[in-house]
Each structure stands twice: as C-alpha cells, then as structure tokens.
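Chain residues, written in single-letter form:
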Amino acid sequence: MTDLLSLPLPELTRWVTQELGEPKYRAGQLYHWLHKKQVSAFEEMSNLPAPLRQRLAQTAFITPVTTRRRLESALDGTRKFLFALADGSCVEAVWMEYHHGPSLCISTQVGCRMGCQFCASTLGGLVRNLTPGEMLQEVYEAQRQMGRPISSLVLMGIGEPLDNLPNVLAFLEILCSEEGQQLGWRHVSLSTCGLIPGIRELMDKRLGLTLSISLHAPDDAARSAIMPVNRSYPIGELMAVCREYFAVTGRRVSYEYALIDGVNDSPEQAAALARLLKGQTCHVNLIPVNPVAERATRRSSRAAVERFARRLGQLGVNATVRRELGSDIAAACGQLRRQSAASPEEA
C-alpha cells in the first residue's frame, strides 16, 4: 500500500502515471484533495471517477492521525495536542498564539535518541521516525480543530529533525509547495542539537528556513555532560559550520540556551557564551528549563535568568528571554506523551 500523503507532487505524478496508468492531470487533482482540501477519505474526492477512487482504496492510503488528548492553557490560550498514530504511537504538537499569527510546534520522531539530560522527549529512546504524511497530519489536524491555518511552523517538538532529514525535507517540500499550503520557507524554523552533516545538507539546499541550534552550554565539558551529541560534534566544529551556514545562506542562526540551575547559568558562563559567539550574526533565545520529574535538573531562578541575559547584553550579544507559553498544561516537549504512557486510562 502506498502512503500518498507522503509523496511530493513529482513522486505522486510518477506513481499515478506509471503505477495506475492514469493521465498526469489526475495527480494534480489528487494532490489538491490531499493538501488543499485535506480530506481523509478517497470517497470525498468527488471529481475523480468512481473506479479510480476504488483503485486508490485498494492500492493506497491516507495517513490516519487521531487526537487522543487536547489541553488548553488558561493562562495564554496555548493548545497542546497528543496525536495517536496508526500503530498506537503518540506524538505531541503545540499551538501558540502570537501577534503575527498562530505558530505550531510539531514532532518529527516518536521519541528521541539524542539523550539530552534535561529533556523528557528522550526518555525511553527513539521508537521510530515519523513519515512526511504523519508530520503533515499534525499540521492539518491542528488546523482543522483550530479552524484556521498556521502562519509559522517550528520543528522543535519530540525528536531530532536532522536525524530524520529525508522525511523532514519531503514534508516541508509538500507543505511549502504552491499546490499545497504555500507556507513560506522563511516561516519555518528547524531546531537541531547540532548534527553537522544535516546542517551541511540544509546549507547546500539553501531553503531559506531559520536554523536554530540547541546549544545550552558555552564549552565542551559542560555541553558534553548534558548533551551526548557534543562528543561526536564538539562546539568548535559546530560554530564553524554555523558561521559557514550564514555565509552561504545569508540566514541568521538562532541559538537556544536552556538555563539550568547551577549547571550553565553563571555570569562566567554568560561571558564564555559571548566569547563563543563573537563575530556571528545571530540571536540567543534564553529558556528557563522545564522541570521533568525523571530528571534532576532544576530551572534557574528568575534573578539568575535576568542576570544572564543582562550580562550577554552588556557583552554585545542579541539575546531575549523566551516568553513561556502553556506552562499550566505541560507544554514542554515530551511531557504529555510521558504522562499518557504512565496513565493510559486518562488518554
């Protein structure tokens, strides 16, 4: 059975013409139903002949995704979705309201194998990659429920996007296509813990998206202690490829820095971070780390966060403290999935 939702238009066209023997324009009709109308059944494709719809039902499928839980923040209107996939796996997406329009943060994997010591997503390791169709359904289902399209997309939910890069690229090709939702590439932000080969591949494609690096420490010793990926791709190599990324694409790199009490939040570490980023055209997002029951990490105090941000500013680094959204609904990556796994009767 062919997963139609995962096929970019050129691949769908080849499948329709070569496997089904149908004229090329049928692929355009099918793509329109899948990605403009976003239907969930072949029976809804009213301008396709009934025999073709029957053949589609026998040879292909539209990726199913259902909503297991939906939480709404009483503080800021943030919505968090727990989506169930066909195999029973669950992933999360978060709908956030901004003045420029709604933004959706989606997952790219079921679980994660990166092992970051402050993150709930990596508990239990990697289960599997998401398909392009499953990622699209996170977007489509959230939009169906909210009744309007997103204005921006963040790949910063469960999983490491560059660890599933072929599927992520196919997903983005479909979502940003003129025949699809036409989301602008500049409205896409991809967050990575620093898989350098994937960063180079993105750089070579010059897609125009925003690259966000989950940095979280200013030196190898501190970063390796909380992010095992740093042992394979140390900070010096990561900074070199980030500078190259800006030189090639002209796109400013963002750095995510989760402040952990007593681990990476001292004024000395702020100064070290400023030295590390000196000369780069970049921006630093400071994030008070989200408490995770299974982790020993604690969030920095408000005073420590403000002191860290102030020190960066004094040293000429463009930095802001990220506005916390959905703090009353476990909006941090992986928390809702872990809760549901522990208490399936609440799902």
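What comes next concerns the included structure. (Residues numbered from 1 in each chain as written. Predicted model: local features only at pLDDT ≥ 70, side-chain atom pairs only at ≥ 80, totals over all residues. Heavy atoms only, no water.)

Notes on the pairing of strand β3 (residues 65-72)
Part 1: When β3 meets strand β4 (residues 79-85), the two strands line up antiparallel, connected through 7 bridges. Within β4, the position partnered with L71 by the bridge is K80.
Part 2: Here β3 folds back onto β4, and the loop between the two strands holds 6 residues, one of which, G77, carries a positive phi near 80°. (Pairing = 2+ DSSP bridges. Helix = DSSP H or I, 4+ residues; strand = E, 2+ residues; numbered from the N terminus.)

Re the nonpolar core
Nonpolar side chains in soluble globular proteins generally cluster together in the buried interior.
Part 1: In terms of nonpolar packing, the biggest core is built from 96 residues, with L4, L153, F171 and Y255 touching the most fellow members.
Part 2: Counting residues per element, this core draws most heavily on helix α5 (residues 165-176), which supplies 8 residues.
Part 3: With residues near it in sequence (within four places) discarded, L153 still touches S103, L104, I106, V139, F171, L172, L175, L183, H187, V188 and S189. (Core = buried A, V, L, I, M, F, W, Y, C linked by side-chain atoms within 4.5 Å. Buried < 20%, exposed > 50% of the residue type's maximum accessible area, 1.4 Å probe, protein only. Contact = heavy atoms within 4.5 Å.)

So, the environment of V263
Part 1: As for its position among the elements, V263 is in the loop between β12 (253-259) and α9 (267-277).
Part 2: Using a relative accessible area of 31% as the deciding quantity, one classes V263 as partly exposed.
Part 3: V263 sits 41 residues away from A222 along the chain, and the two C-alpha atoms are 7.6 Å apart.
Part 4: Leave out the neighbours within four places in its chain, and V263 touches I226 and Q269.

Let's talk about the environment of F83
Part 1: Relative to the helices and strands, F83 resides in strand β4.
Part 2: Given a relative accessible area of 0%, F83 falls into the buried group.
Part 3: It is 17 Å that separates the C-alpha atoms of F83 and A120, two residues lying 37 residues apart in sequence.
Part 4: Apart from the residues lying within four places of it in its own chain, the contact partners of F83 are V65, T66, T67, S89, C90, V91, A93, E138, E141 and A142.

Quick notes on the pattern of salt bridges
Part 1: On inspection of all chains with the given rule, the structure shows 11 salt bridges.
Part 2: Where R322 meets E256, a salt bridge forms, and the shortest distance between an N and an O atom there is 2.4 Å. Separated by 66 residues along the polypeptide, R322 in the loop between β14 (319-321) and α11 (335-342) and E256 in strand β12 bring together distant segments of the chain.
Part 3: E256 gets classed as buried once you look at its relative accessible area, which sits at 2%. (Salt bridge = Lys/Arg side-chain N within 4 Å of Asp/Glu carboxyl O.)

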